[in-house]
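Letter by letter, the chains look like this.
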Amino acid sequence: MEHLELAAPGLLLRPWRDADARAVHDALGDPDIARWNPQGGPVDAASALRWVRRRADWSAGDHVSLAVTGPDGGALLGSVSLHQIHGENAAMGYWVVPGARGRGVATRAVDRLSRWAFDELGLHRIELCHATANPASCRVAERAGYRAEGTLRESFRYGDGRRHDEHLHARLATDR
Ligand SMILES: CC(C)(COP(=O)(O)OP(=O)(O)OC[C@H]1O[C@@H](n2cnc3c(N)ncnc32)[C@H](O)[C@@H]1OP(=O)(O)O)[C@@H](O)C(=O)NCCC(=O)NCCS
């Protein structure tokens, strides 16, 4: 399963490889990704490689993660992951590199991984949280079929050091 590849329109979701570490280093240094996908410390070449290897290793059973690329599997466009997999539940996470934003990359990747997880992992509910101050992520959630369920107050400390309110969204296997 760790060699899984998923095709989506104009995209390939493929396994992480060591050669992605440099692009991941650059991506995690982007101010928006550093703010909304904080890593809990500074990112250097070594930690970027550890990041890639951790995500490529699904053996713990608690996460799955794929690199998002163009159809040729080449240059990195983004990341899409399911975390906290337990029973029939999981949480969705993602980012897209600055040069690939605004073209539906995140929406298509999130939708594709969600459908695979419902069909092949037997998940029933996937949650997606984003800061209320991150409207682009709210649009991704809505367009990928994750309905808004409410607002969580000061629920997570983001990369700017502040605890932010978050919207909780979720998609169910039974949603159309
Ligand atoms: C959020 C993010 C993943 C979106 O990726 P993307 O591939 O550009 O997303 P899509 O193109 O699929 O959709 C983006 C949507 O947000 C909208 N959007 C973009 N910037 C926006 C803004 N400042 N305010 C409101 N909407 C915005 C776009 O118009 C689009 O919606 P539309 O298709 O209805 O027009 C990307 O911007 C990113 O990586 N940001 C930094 C890290 C991050 O936020 N990660 C998610 C943490 S929950």
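Residues numbered from 1 in each chain as written. Predicted model: local features only at pLDDT ≥ 70, side-chain atom pairs only at ≥ 80, totals over all residues.

Further remarks concern the site of the ligand. What surrounds the ligand is a group of 22 residues, the closest being Arg101, Ala106, Thr107, Pro135 and Ala136. Taken together, the elements giving at least two residues each to the shell around the ligand come down to α2 (31-36), β5 (89-96), α4 (105-121) and α5 (135-143). Sort the elements by how many residues they give to the shell around the ligand and α5 lands first, with six residues. Grouping the amino acids of the shell around the ligand by side-chain chemistry returns ten nonpolar, seven polar and five charged. (Near = placed C-beta within 6 Å. Helix = DSSP H or I, 4+ residues; strand = E, 2+ residues; numbered from the N terminus. Nonpolar A, V, L, I, M, F, W, Y, C, P; charged D, E, K, R; others polar.)

Counting 40 residues, the largest nonpolar core has Leu13, Val68, Val80, Ala109, Val110 and Leu113 as its most contacted members. Element by element, the count of residues in this core is highest for α4, at six residues. Apart from the residues within four sequence positions on either side, Val110 is in contact with Val80, Met92, Tyr94, Val140 and Ala144. (Core = buried A, V, L, I, M, F, W, Y, C linked by C-beta atoms within 7 Å. Buried ≥ 20, exposed ≤ 12 C-beta atoms within 10 Å, placed from the backbone. Contact = placed C-beta atoms within 7 Å.)

What follows is about the packing of helix α1 (residues 21-28) against helix α3 (residues 45-56). Where α1 meets α3, the axes come as close as 8 Å, and the angle between the chain directions of the two elements is 110 degrees. Put simply, α1 runs roughly perpendicular to α3. Together, Ala21, Val24, His25 and Leu28 of α1 and Ala45, Ala48, Leu49, Trp51 and Val52 of α3 make up the contact between the two elements. Taken together, the residues that form the contact of α1 with α3 break down as eight nonpolar, one polar and no charged. (Axes fitted to C-alpha atoms, helices over the stretch in contact; angles between N-to-C directions. Parallel < 35°, antiparallel > 145°, perpendicular 65-115°, else oblique.)

Another point: the UniProt feature "domain: N-acetyltransferase" (unreviewed entry) in the chain. Those residues carrying the UniProt feature "domain: N-acetyltransferase" (unreviewed entry) are residues 11-175 in this numbering. Taken end to end, residues 11-175 is 32% helix and 35% strand, and its first and last C-alpha atoms sit 24 Å apart. (UniProt positions renumbered as here; feature names shortened; annotations may be inferred.)

One open sheet holds the eight strands; their spatial order is β1-β2-β3-β4-β5-β6-β8-β7, and the pairing between them is mixed. Looking at which strands have only one partner, the edges of the open sheet turn out to be β1 (6-8) and β7 (147-157). Neighbouring strand axes in the sheet, compared pairwise and without regard to direction, differ in orientation by 25 degrees on average. Seen against the sheet, α5 touches β6 (125-131) and β8 (163-172) and runs at an angle of roughly 160 degrees to β6. (Pairing = 2+ DSSP bridges.)

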